Amino acid sequence: MGQEREQSREMNDIEEINKKAIKKWHYYALGDEPDEEGQNTIIDKEEEMYFRGDEPTEQEDEWHVELCTISPRGHLIPREIWRTLHIKYFVPLTRWGTGVMGRACEVFPHPDQWTFENSPGNKPLDQIGVNEIYRTLIARKREAPNCMKNWDRRLGIEIPWRAIGENLTRGLGTNRDTSSWFKNILHRALYLKGKGGQNTACSACHQENEDWIHLWKCPVWTPTWRVIIEDFNELLPPIQGIKRVRMSPEFIYLGLIDIEFTPHVLPIGLSLLHSILWKFMIIELYKLSQIEHYRINANEVARRALRRYTTRIRAKLRRAQIEHTRSTQQGYEHNNNLLNKKLHPVAQINADCTEIIWHPVVHRWLALAGAEEHDTIKPNFTPEW
Ligand SMILES: [Zn+2]
């Protein structure tokens, strides 16, 4: 009994080995010798002459080969037609599963050399199915992206990532307002010349190495940030006598406040202004990298950002007006509670949806930037917007 079982297992093993051996047959395409320039003419996959190498003949570098046809699904089928062939005509193939991709020198990617990151077992590319792709995506979600880890490590505080995400997804802005900050700052994708530690002067101020340690306190932008911080503090009254917004990398880069207590995100309405400011700053930094002798006008950047910001909030008023009209026509109750909650403390939309009531501090900015009229404040073209 025992011996029989042993034998049958051996048989199975042999079968297994044979199957593998069949799979491991080496298939080739028939190739010309490269022409004088070393170039091969590219041949259509269906028009190639395929064969498999069987065993060497007695002649040096000459093999017995079996010619093959290619099935409509790309599989090679031996035809039991035999030839002998010199190995200089053997062109290696890249296989995809049991099919053929093409000549190894012409196709990409090679399935054995590429796989999906985090896919279980690091299977070759041609064996990856929906299951592996799904697991790859899940793994991505589970592990914090590098940018998050980098910010956590750099700032050494508890970063409220979820709240940052909610401000983005439920915020007042569109992708066009926030994606620039999101990609370049939050994801740290902004190209900084001195990031690698080499001493490369900041292209805006020429004073310090251009990197993340410097950018938030670059003197070209600090006057703008100072005004913003001072005014944000007026909009967000102090907690226990401590100002909530500080000149710090946490605020400048990520819009975080209350660093001394538990870090919080800005209210939605102010968070939008923070992203828009970055958007226009990033545009300037990009111009600076592209145009020789370009000079940044920080004041103009702030004015442009404020005008865009006003446009966004006015769009909310128009949306509310449409809703309001529809509600009177169809006879249901409409209110601006949800919207006003998002706009707080920047502005409020009145119950009739006829106007935006700006917080006086915000109204002053907008008047200085020429985005809103004001009884006493006129647009200011000197460094205070
Ligand atoms: Zn600088």
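Residues numbered from 1 in each chain as written. Predicted model: local features only at pLDDT ≥ 70, side-chain atom pairs only at ≥ 80, totals over all residues.

Caption draft 1: Up close: the overall build of the protein chain. Within the protein chain, the secondary structure is distributed over 12 helices and 10 strands. In the protein chain, which comprises 385 residues, the proportion classed as buried is 24%. In the protein chain, once contacts between residues fewer than 6 apart in sequence are set aside, the share between residues at least 24 apart is 42%. (Helix = DSSP H or I, 4+ residues; strand = E, 2+ residues; numbered from the N terminus. Buried ≥ 20, exposed ≤ 12 C-beta atoms within 10 Å, placed from the backbone. Contact = placed C-beta atoms within 7 Å.)

Caption draft 2: Summary view of the nonpolar core. Among the nonpolar cores identified, the biggest contains 57 residues, and Leu277, Ala305, Leu306 and Leu366 are the most heavily contacted of them. In terms of residue count, helix H9 (residues 268-290) provides more of this core than any other element does, 9 residues in total. (Core = buried A, V, L, I, M, F, W, Y, C linked by C-beta atoms within 7 Å.)

Caption draft 3: Structural view of unusual backbone geometry. Pro345 follows His344 through a cis peptide bond whose omega is 0°. Of note, Pro345 is situated in the loop between helix H11 (337-343) and strand E9 (347-349). Positive phi is not limited to glycine here, since Gln240 has a value of about 45°. Within the element layout of this structure, Gln240 appears in the loop between helix H7 (222-235) and helix H8 (249-254). In this model, Cys353 sits at a positive phi of 55°, which is unusual for a non-glycine residue.

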